[in-house]
Amino acid sequence: MIFFNPSGAPELACNACGCRWFDRMTDTCYECGAEVSEEDVAEFHKALAAFQPGRQQEK
């Protein structure tokens, strides 16, 4: 799940429990242990790429 923090930046959260903390070594949620799918990671990268151009214009 992707949500946007108060500054507008996308953040990845667990689809199962909503936790935003992940073990990067195992690609699992710290809270419930659910795996992060490749589709979720791709969706996050897409949201991050869309955020970057707008962020650079603000500077």
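As a reminder, the structure under discussion sits directly above these lines.
Predicted model only: the values in this text are computed from it and were never measured.

Parameters and conventions
- Residues numbered from 1 in each chain as written.
- Predicted model: local features only at pLDDT ≥ 70, side-chain atom pairs only at ≥ 80, totals over all residues.
- Heavy atoms only, no water.
- Helix = DSSP H or I, 4+ residues; strand = E, 2+ residues; numbered from the N terminus.
- Buried < 20%, exposed > 50% of the residue type's maximum accessible area, 1.4 Å probe, protein only.
- Contact = heavy atoms within 4.5 Å.
- Areas by Shrake-Rupley, 256 points an atom, 1.4 Å probe, with all protein chains shown as cover.
- Salt bridge = Lys/Arg side-chain N within 4 Å of Asp/Glu carboxyl O.
- Patch = residues over 30% accessible without salt bridge, like charges linked within 9 Å, V, L, I, M, F, W, Y side chains within 5 Å.
- Lys, Arg positive; Asp, Glu negative; His and termini not counted.
- Charge placed at Lys NZ, Arg CZ, Asp CG, Glu CD.

A. Looking closely at the overall build of the protein chain. Of regular secondary structure, the protein chain possesses 1 helix and 4 strands. Helices and strands in the protein chain line up, N terminus first, as β-β-β-β-α. Split into buried and exposed, the 59 residues of the protein chain put 27% on the buried side. Within the protein chain, contacts between residues at least 6 apart in sequence are counted, and of these 24% link residues at least 24 apart. Approximately 4,600 Å² of the protein chain is accessible, and the part contributed by carbon and sulfur atoms is 52%.

B. Seen up close, the environment of Ile-2. By the secondary structure assignment, Ile-2 is in strand β1 (residues 2–4). Contacts of Ile-2, omitting those with residues within four sequence positions, involve Pro-10, Glu-11, Leu-12, Glu-43, Phe-44 and Ala-47.

C. Representation of the pattern of salt bridges in the model. Going through the model one piece at a time under the given rule, you end up with 1 salt bridge. Between Arg-20 and Glu-11 there is a salt bridge, and its shortest N-O distance comes to 2.9 Å. Judged by relative accessible area, Arg-20 falls into the partly exposed class, the value being 40%.

D. Seen up close, a negative patch on the surface. Together, Asp-27, Glu-35, Glu-38 and Glu-39 make up a negatively charged patch on the protein surface. With respect to the helices, strands and loops of the structure, Glu-38 is situated in helix α1 (residues 38–58). Residue Glu-38 is classed as exposed on the basis of its relative accessible area of 70%.

E. Seen up close, unusual backbone geometry. The backbone phi angle of Asp-27 is positive, close to 55°, even though this residue is not glycine. The topology assignment puts Asp-27 in the loop between β3 (22–23) and β4 (28–29).

F. Representation of the environment of Lys-46 in the model. Relative to the elements of secondary structure, Lys-46 occurs in helix α1. On the basis of relative accessibility, which here comes to 66%, the residue Lys-46 falls in the exposed class.

G. Spatial organisation of the environment of Ala-47. Structurally, Ala-47 is set in helix α1. Classification of Ala-47 as buried rests on a relative accessible area of 16%. Along the backbone, Ala-47 and Leu-12 are 35 residues apart, and their C-alpha atoms lie at a distance of 9.7 Å. Not counting chain neighbours up to four residues away, the residues in contact with Ala-47 comprise Ile-2 and Pro-10.

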